[in-house]
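So the chains spell out like this:
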Amino acid sequence: MKRSILNLVVTALVLCMASVMSSAKVGDSAPDFTATASNGKTVHLADYRGKYVVLEWHNNGCPFVRKQYNSGNMQRLQKQWTGQGVVWFTILSSAPGKQGYVTAGEENDYMAKEQAAPTAALLDPSGDIGHLYDAKTSPHMFVINPQGVLIYDGAIDDKPTPDLSDVPGATNYVSLALEQAMAGKQVATATTRPYGCSVKYSDSH
């Protein structure tokens, strides 16, 4: 009995260490992944080396996500930065049966309704990409530079509320990171605590 308990503890520690070691960290190479977009195309992150890439974790049932979309802020950011050559991926890691899970068709309808403009919306119902980046909330934002290095990990801004009125006066960390990096500067605020709804991963993952 004691041995079986010890084995369980050791296994749990090994899994925990593996998770910590494998998760993305600012200053390290961004973990590569392959995903299917809602438009049916296959997306391979490594194909976008040489460009800035933004990863946006999304859950359309979350009030913190609705704040960004109902205000039009997320769409403005997507259009602003993709217009400057940045690749923007919206990632949906909600498992089937969980809040925020959508089919490809439902996501396409949602983007059309909201006039969203990411490069692509990536479906991750298994949660593999989410766990690879240790995405904790929706939204949780990451910025990758043209060398494939993660340069920002955290909240979209400094107003951790679901209130639309907070958007105009917020400091947007994603825009700051892109502006500073593109100007050849060090990203001043490279990590922040993400806020929002917890990512609705599969219970078995």
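Remember, it's a predicted structure, so these values are computed and weren't measured experimentally.

Definitions and cut-offs
Residues numbered from 1 in each chain as written. Predicted model: local features only at pLDDT ≥ 70, side-chain atom pairs only at ≥ 80, totals over all residues. Heavy atoms only, no water. Helix = DSSP H or I, 4+ residues; strand = E, 2+ residues; numbered from the N terminus. Buried < 20%, exposed > 50% of the residue type's maximum accessible area, 1.4 Å probe, protein only. Contact = heavy atoms within 4.5 Å. Areas by Shrake-Rupley, 256 points an atom, 1.4 Å probe, with all protein chains shown as cover. Phe/Tyr/Trp six-rings, centres within 6.5 Å; stacked < 30°, edge-to-face > 60°. Core = buried A, V, L, I, M, F, W, Y, C linked by side-chain atoms within 4.5 Å. Salt bridge = Lys/Arg side-chain N within 4 Å of Asp/Glu carboxyl O. Pairing = 2+ DSSP bridges.

Draft legend 1. Spatial organisation of the overall build of the protein. Summing up its helical and strand segments, the protein has six helices and nine strands in all. Across the 205 residues that make up the protein, the buried fraction comes to 46%. For the protein, contacts bridging at least 24 residues in sequence account for 75% of all contacts bridging at least 6. Counting only carbon and sulfur atoms, one obtains 54% of the accessible surface of the protein, whose full area is about 10200 Å².

Draft legend 2. View of the packing of aromatic side chains. In this structure the tally under the stated criterion is eight aromatic pairs. Measuring from centroid to centroid gives 6.1 Å for Phe33 and Tyr133, while their planes differ by 80°, and the two rings are edge-to-face. Placement of Phe33 in the loop between helix 1 (2–22) and strand 1 (34–37) and of Tyr133 in helix 5 (residues 128–133) is noted, with a sequence separation of 100 residues between them. Here Phe33 falls in the buried class, since its relative accessible area comes to 5%. We classify Tyr133 as buried; its relative accessible area is 1%. Measuring from ring centre to ring centre gives 5.5 Å for Trp57 and Phe142, while their planes differ by 70°; the resulting arrangement is edge-to-face. Here Trp57, found in strand 3 (residues 53–57), pairs with Phe142, found in strand 7 (residues 141–144); they are 85 residues apart in sequence, far enough to count as distant. On the basis of relative accessibility, which here comes to 0%, the residue Phe142 falls in the buried class.

Draft legend 3. Helix 2 (residues 63–70), seen in detail. Every buried residue of helix 2 is listed here: Phe64, Val65, Lys67, Gln68 and Tyr69. Contacts from the buried residues of helix 2 go to strand 3, helix 3 (73–82), strand 4 (87–92), helix 4 (104–114), strand 6 (137–138) and strand 9 (197–198). In the segment just after helix 2, Gly72 is the residue with positive phi, at about 85°.

Draft legend 4. Quick look at the nonpolar core. Val54, Val143, Tyr152, Val174 and Leu178 are the most contacted members of the largest nonpolar core, which totals 32 residues. Residue contributions to this core peak at five residues, all from helix 6 (residues 173–182). In contact with Val174, not counting residues within four places along its chain, are Val54, Met141, Val143, Tyr152 and Ile156. Counting residues in each nonpolar core, the second largest holds 23 residues, with Ala30, Val43, Trp57 and Phe89 among its members.

Draft legend 5. Highlighting the pattern of salt bridges. All chains considered together, the criterion is met by two salt bridges. Note that Asp134 and Lys136 form a salt bridge whose closest N and O atoms lie 2.6 Å from each other. A relative accessible area of 33% means that Asp134 is categorised as partly exposed.

Draft legend 6. Representation of the pairing of strand 7. A two-sided burial pattern is seen for strand 7, the buried positions comprising Met141 and Val143 on one face and Phe142 and Ile144 on the other. Two elements, strand 3 and strand 7, share four bridges in a ladder whose sense is antiparallel. Looking across to strand 7, one finds that Val54 is bridged to Val143. Examined bridge by bridge, strand 7 and strand 8 (residues 150–154) share four bridges and lie antiparallel to one another. Looking at the pairing, Phe142 lines up with Asp153 of strand 8. Joining the antiparallel neighbours strand 7 and strand 8 is a turn of five residues, in which Gly148 adopts a positive phi near 85°.

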